[in-house]
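Below, each chain spelled out in residue letters.
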Amino acid sequence: MQFHDAHCHLPINYFYKDIDNFMKQWLDLGLEYVVGVSMKYTEIEKAIELQKKYKQIIPGFGIHPWKVKRNMPEEQINKISYHVATVSPLVFGEIGLDHHFIKKEQYYPLQEEVFRFFLNLSEQNSIPINVHSKGAEEKVYDLIDSFSIPPSNILIHWYSGPKKILYKFRDKGVFFSINPSILGGSTHRFVLEEVELEQLLTESDGNVKYWIKGERIIGSPAIIPQIMEKIAEVKNLSIDEVSEVLSRNFKEFVNIS
Ligand SMILES: [Zn+2]
């Protein structure tokens, strides 16, 4: 059974330094593709290196809203634009806004500026986006909606915001990635209940740690088969049907056949 991970922090040292061992294990389990998202510029370069080693790794270019404390330096903007022209396939992530964990409001306009930078690049180059929206869901919706980005190029990662905004995103036709937190019971579960399989992907957000049935689990692509079992259970489908649709969804999202 094949599976994908649409959001894993592969450029962090935990994975990066031991990537050969990890990839061997994940490929043996059936991993088809993993998006290695970045949080800051140095990680973007590492994500590109990883893709050169493994074609199953799709680099995510992003500056995470937690890391936005100043304007992007001109040099970074130029380098990112250069890489966008030379790297394929490619995703923008992790990008977005965070008004929940980041309490200092003086950073919010900066977050928006960096997010707009990537949304603009996405619009210009038809590159899919992998979006963080914690505590700023409505603002994220409005910003994305102000650009011409096709819904199939939009992924809302680990959504846990208000239902009203979930429905707006759902009705726009975007993808949502289902996160391991559903295995332990969480507000994220309503995404799985309210959104059709045709708009779902799976993600680990590795190496985030999860408490699942009293056990502490480190997120990585190895946990995705368990998420697929849960999806099959909730949607009342066989695991093979789930695998087939999710694989098709993922390829549509990253624009590969
Ligand atoms: Zn993440």
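Now for a look at the structure at hand.

Each helix and strand in the protein was counted, giving 10 helices and 10 strands. Relative to a compact globule of 257 residues, whose C-alpha radius of gyration would be 18 Å, the protein shows 17 Å and is just as compact. Its C-alpha atoms put the protein at 50 × 40 × 35 Å along the principal axes. Across the 257 residues in the protein, those meeting the buried criterion constitute 40%. In the protein, the proportion of contacts linking residues at least 24 apart, taken out of those at least 6 apart, comes to 73%.

Looking at the element boundaries, Val242 is found in helix 10 (residues 239-254). Residues Val242 and Val35, spaced 207 residues apart in sequence, show a C-alpha to C-alpha distance of 19 Å. Once residues within four sequence positions are removed from consideration, Val242 is found in contact with Leu197, Met228, Ile231, Ala232, Lys235 and Leu237.

This paragraph deals with the sheet that holds strand 3 (residues 57-61). Strand pairing in a sheet relies on backbone hydrogen bonds. The paired strands run either parallel or antiparallel. In space, the 8 strands of this open sheet follow the order 1-2-3-4-5-6-7-8, with parallel pairing throughout. Only two strands of the sheet have a single partner each, and these edge strands are strand 1 (3-8) and strand 8 (200-202). Averaged over all adjacent pairs, the angle separating strand axes in this sheet is 25 degrees, with direction ignored. Pairing geometry for strand 7 (residues 175-178) and strand 8, over 3 bridges, is parallel. Bridging across to strand 8, Ser177 finds its partner in Leu201.

All right, on to the packing of helix 6 (residues 137-145) against helix 7 (residues 163-172) then. The relative placement of two packed helices is expressed as an angle between their axes plus a distance between the axes. At a minimum axis distance of 9 Å, the contact between helix 6 and helix 7 shows a crossing angle of 20 degrees. When the interaxial angle is binned, helix 6 and helix 7 end up roughly parallel. Handedness of the helix 6/helix 7 crossing: left-handed. Across from Glu137, Glu138 and Tyr141 in helix 6, the residues of helix 7 making contact are Ile165, Lys168 and Phe169. When grouped by side-chain class, the residues that make up the contact of helix 6 with helix 7 number 3 nonpolar, no polar and 3 charged.

Attention shifts here to unusual backbone geometry. Here the bond from Ser88 into Pro89 is cis, since omega is -10 degrees, no more than 30 degrees from zero. Assignment of secondary structure puts Pro89 in the loop between helix 4 (74-86) and strand 4 (91-96). Residue Glu94 follows Gly93 across a cis peptide bond; omega there is 10 degrees. Within the secondary structure, Glu94 sits in strand 4. One non-glycine residue, Lys213, adopts positive backbone phi at about 50 degrees. By the element assignment, Lys213 lies in the loop between strand 9 (209-212) and strand 10 (215-218). Since 8 C-beta atoms lie within 10 Å of it, Lys213 is described here as exposed. Phi is positive for Asn255, close to 60 degrees, though the residue is something other than glycine.

Parameters and conventions
Residues numbered from 1 in each chain as written. Predicted model: local features only at pLDDT ≥ 70, side-chain atom pairs only at ≥ 80, totals over all residues. Helix = DSSP H or I, 4+ residues; strand = E, 2+ residues; numbered from the N terminus. Rg over C-alpha atoms; globule rule 2.2 N^0.38 Å. Buried ≥ 20, exposed ≤ 12 C-beta atoms within 10 Å, placed from the backbone. Contact = placed C-beta atoms within 7 Å. Pairing = 2+ DSSP bridges. Axes fitted to C-alpha atoms, helices over the stretch in contact; angles between N-to-C directions. Parallel < 35°, antiparallel > 145°, perpendicular 65-115°, else oblique. Left-handed = near helix turned anticlockwise from the far one by under 90°. Nonpolar A, V, L, I, M, F, W, Y, C, P; charged D, E, K, R; others polar.

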